[in-house]
Amino acid sequence: MRRKIIAGNWKMNGDADLVRRIAEHAADAISGAELVVCPPYTLLPTAASHLPTGVGLGAQDVSEYPAGAYTGEVSAAMLLEAGCRYVIVGHSERRTLYGEDNARVAAKYAAARGAGLTPILCVGETLAERDAQRTESVVGEQIDAVLEAVGATAFSDAVIAYEPVWAIGTGRTAAPEQAQQVHAFIRARVAERDPEGAAVLPILYGGSVKPENAAELFAQEDIDGGLIGGASLDSEGFLAIHRAAVGG
Ligand code: 13P
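(A) Structural view of the overall build of the protein chain. If you tally the helices and strands in the protein chain, you get 11 helices and 8 strands. Radius of gyration (C-alpha) of the protein chain: 17 Å, near the 18 Å computed for a compact globule of 248 residues. Projected onto its principal axes, the C-alpha coordinates of the protein chain cover approximately 45 × 45 × 35 Å. Counting all 248 residues of the protein chain, 54% fall into the buried class.

Listed below in structure tokens is the structure:
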């Protein structure tokens, strides 16, 4: 059985109060599906000390370099020292707002893995790409870049999040069957190089997941949980999404 994961990507939101609220609720939610919280860098130490040990801590980005004159950057080793087990790599906001291309994302992925972090690789197409029937070629290239940089077993002990760009923060969720189709494609693409790793690879869906639509998404064969943006900032809603994953 594949493990299920519900991860919250706070983006540039949240404060120490939110960490405490999530920590209070999270104590009841550490079985059935793994709960992961990815707050901004500055909240990582607070989160590491307040969250129950069963809750995974993740960062939202990582430098591709190990150390040096890279003002504003944070290395994988630093994240590990701050208590992180996970790191989001290649989020569409990093790709579009900060110009991260597939090669840079793959380098960051390699740095994270090299340091012993579990990367959560985000992939997904824009609306224009979907309309042009390019979803599989775009997502396939995003995955292949990592396979080329890291090797055939790049996705053993890793997580992929399929986040269609048109569904992020828009209130427009992919239909469960639409998401399932891409998740199955992703698993098959990884399986071409690493069948065993692909079979146990958690593939999360992200994009306007809410307590109201979570269960039908998580009921799909290849959807192993969610990467939650806006709804992860409400502790009760976030935990309701976790319950949907446990039941689904
Ligand atoms: P929303 O859940 O706010 O649409 O964000 C999804 C996301 O980008 C998670 O990484």
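(B) Representation of the sheet that holds strand β3 (residues 56–59) in the model. Spatial ordering of the closed barrel is given by β1-β2-β3-β4-β5-β6-β7-β8, a layout of 8 strands whose pairing is parallel. For this sheet, the mean inter-axis angle between neighbouring strands, taken without regard to orientation, is 25 degrees. Both strand β1 (residues 5–9) and strand β2 (residues 34–38) contribute to a ladder of 5 bridges, which runs parallel. Bridge assignment links N9 to a residue of β2, and that residue is C38. Of the strands in this sheet, β1, β2 and β8 (225–228) are in contact with helix α11 (residues 235–247), which crosses β1 at around 160 degrees.

(C) Structural detail: the pairing of β3. Of the two faces of β3, both are covered, the one formed by G56 and G58 as well as the one formed by L57 and A59. For β2 and β3, the ladder comprises 2 bridges, and the chain directions are parallel. Across the sheet, V37 pairs through a bridge with L57, a residue of β3. Strand direction decides the pairing type here: β3 and strand β4 (residues 86–89), joined by 2 bridges, are parallel. Bridging from a neighbouring strand, A59 pairs with V87 of β4.

Rules behind the numbers
- Residues numbered from 1 in each chain as written.
- Predicted model: local features only at pLDDT ≥ 70, side-chain atom pairs only at ≥ 80, totals over all residues.
- Heavy atoms only, no water.
- Helix = DSSP H or I, 4+ residues; strand = E, 2+ residues; numbered from the N terminus.
- Rg over C-alpha atoms; globule rule 2.2 N^0.38 Å.
- Buried < 20%, exposed > 50% of the residue type's maximum accessible area, 1.4 Å probe, protein only.
- Pairing = 2+ DSSP bridges.
- Axes fitted to C-alpha atoms, helices over the stretch in contact; angles between N-to-C directions.
- Contact = heavy atoms within 4.5 Å.

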